[in-house]
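So the chains spell out like this:
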Amino acid sequence: MPIGLVTLVVCDYDEAISFFVGKLGWDLRENVASLTNDGRPKRWVVVAPKDGGPGLLLAQADGAEQAARVGDQTGGRVAFFLETDDFERDFDAFTAAGVEFTRPPKTEPYGKVAVFRDVAGNLWDLIERA
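These figures come from a predicted structure and were not determined experimentally. (Residues numbered from 1 in each chain as written. Predicted model: local features only at pLDDT ≥ 70, side-chain atom pairs only at ≥ 80, totals over all residues. Heavy atoms only, no water.)

1. Comments concerning the pattern of salt bridges
Under the defined criterion, the tally for this structure stands at ten salt bridges. In this structure, R40 and D38 form a salt bridge, with 3.1 Å as the shortest nitrogen-oxygen distance. Take R40: its relative accessible area is 38%, and that puts it in the partly exposed class. The shortest N-O distance in the salt bridge between D62 and R40 comes to 2.8 Å. (Salt bridge = Lys/Arg side-chain N within 4 Å of Asp/Glu carboxyl O. Buried < 20%, exposed > 50% of the residue type's maximum accessible area, 1.4 Å probe, protein only.)

2. Quick look at the packing of aromatic side chains
Scanning all chains against the criterion turns up ten aromatic pairs. The interplanar angle of 55° and the centroid separation of 5.9 Å between the aromatic rings of F20 and W124 together place this pair among those described as tilted. A residue pair is termed long-range when its members are at least 10 positions apart, and F20 in helix α1 (residues 13–23) and W124 in strand β8 (residues 123–129) qualify at 104 residues. Of the two residues, F20 and W124, neither departs from the other in class, the shared state being buried. (Phe/Tyr/Trp six-rings, centres within 6.5 Å; stacked < 30°, edge-to-face > 60°. Helix = DSSP H or I, 4+ residues; strand = E, 2+ residues; numbered from the N terminus.)

3. Points about the sheet that holds strand β7 (residues 111–117)
Spatially, β5-β8-β7-β6 is the arrangement adopted by the four strands of the open sheet, whose pairing is mixed. The open sheet has two edge strands, β5 (78–83) and β6 (100–108), and neither has a second partner. Looking at each pair of strands side by side, their axes are set apart by 20° on average, direction ignored. The pairing of β5 with β8 spans five bridges and is parallel. When the bridges of β8 are listed, F80 appears paired with W124. (Pairing = 2+ DSSP bridges. Axes fitted to C-alpha atoms, helices over the stretch in contact; angles between N-to-C directions.)

And the structure:
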């Protein structure tokens, strides 16, 4: 059973779409009106890397409890790992697009890696496996 989607809680749908589609170059797979369980409007927004694989369901925080978790869904640890087959190409493209890297590139036994922050504040590894 493959993982289909992973939920990412964000402050604003459109800001998150701008980051993932505009800065990372991902596809916007779905963006449709929907309703919460109690009938309030929301959206079903899915973004994913162009080459396929699981997508992210962007879920706008609903209430104080969810809002408190935006950007810190893993307690400050790297939450996501974005694999590339050309580290320099993607690092340069992300940097040019304004992606904030919090740790510069370095070579580890498992590959070349740098850490960046997404629009919500979550940490990601950009990694090219050794």
